[in-house]
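The lines below spell out each chain.
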Amino acid sequence: MKTLYVMLTVLALTACTTPPSPEARIDLGVQWVEHSAEYQALSAQVYADAREDLPRLLADPNWSALPGQTDAANKPPAIILDVDETVVSNARYQETLLHTPYSSFSHFDWMRNNPAVPVRGATAMIEAARRAGVEVFFLTNRACERFEGIDGDCPYEQVTIEDLREVGIETVAEKLLMAWEQPDWSKEKLIRREYIGRTHRVIALFGDDYGDFVQCTRAKPLTPCTEPATRASRHAALDTYADYWGNGWYVLPNPMHGSWTTVR
Ligand SMILES: [Mg+2]
């Protein structure tokens, strides 16, 4: 009896002190996005805050959400949104990764075969921005690449346009900037933000990943970055860009994946 008691005590203590496996943590994040009202409320909150701010950001000709953009006063206004976990939720696809490894083709294949799931508030915010005369660009790291057995050099572009249509947003290829659509358009988004900034005053950025706002956020630096990002360098950027968070920069929640998982 005493032995059984000791064994049960050891088991109970083990259950309390063993950290959850990485798989369990990933699953919790996916479950939260897929099922919690909290996730929906937070997304709605981010986009409601942005809608309230847009008239002010639009009215100030000297305001830009691109740090260093100082020549934009006479350019037409624009906003830039990421796609995945910003406008379209991937939680159901992420669930498949609990059983099979990620590949860009499996993501492409899932998206073309399943209706896109909207992120709450995104479509209404985009409609409000367009009514106010703001151009809307989508800047995604979905990549232009060939897939065996699929026509075209960039089949993911048309699938992404269709995903956006499925959540109620019309756009065209010229407003959708894919990774590798041009030779220097790497997954470091700075170069594509600057490309849009050459013709537009960018009044707001929307994304779920630090790289949607800040340059050089990955452990493996991509041109023009030269240093690997660390947790410390990413946290330092919170202060560097303190004036932007919630004021032209709007971050959507994503506990499932992102560049944050690459750094130490
Ligand atoms: Mg994203």
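If you're wondering where the values come from, they're calculated on a predicted model, not measured in any experiment. Each residue is numbered by its place in its chain's sequence as written, counting from 1. The predicted nature of this model means local features are confined to residues of pLDDT at least 70 and side-chain atom pairs, given and counted, to a pLDDT of 80 or more, with totals for whole chains, interfaces and linings taken over all residues. Only heavy atoms go into the side-chain values, all of them from the structure, while hydrogens and water stay out.

### Details of the sheet that holds strand E6 (residues 201–207)
At least two DSSP bridges between two strands are needed for those strands to be called paired. By the criteria applied, helices consist of DSSP H or I runs no shorter than four residues and strands consist of E runs no shorter than two, each listed in order from the N terminus. As summarised here, the arrangement of the five strands in space is E5-E4-E1-E6-E7, forming an open sheet in which the pairing is parallel. Single-partner strands in this sheet number two, and they are strand E5 (176–179) and strand E7 (249–251). Strand-to-strand twist of the sheet, defined as the mean angle between neighbouring strand axes without regard to direction, takes the value 20°. Relative to E5, strand E4 (residues 135–143) is paired through three bridges, and the arrangement is parallel. Within E5, the residue paired with Ala143 across the bridge is Ala179. Packing against the sheet, helix H6 (residues 122–131) makes contact with strand E1 (77–81), E4 and E6, and its axis sits at approximately 165° to E1. Structural elements are reduced to axes, namely lines fitted to C-alpha atoms, with helices fitted over the stretch in contact, and the angle between N-to-C directions of any two is expressed from 0 to 180 degrees. By definition in these notes, contact holds between two residues if any of their heavy atoms fall within 4.5 Å.

### Things to note about the confidence of the model for the protein chain
A score from 0 to 100, pLDDT tells how confident the predictor is in each residue. Residues of the protein chain with pLDDT of at least 70 account for 90%, and the chain-wide mean is 92. Averaged over each element, pLDDT in the protein chain is lowest for helix H1 (residues 2–17) (49) and highest for E1 (99). Low pLDDT (under 50) marks residues 6–16, which in the prediction has zero contacts with non-local residues, meaning those over four places away or in another chain.

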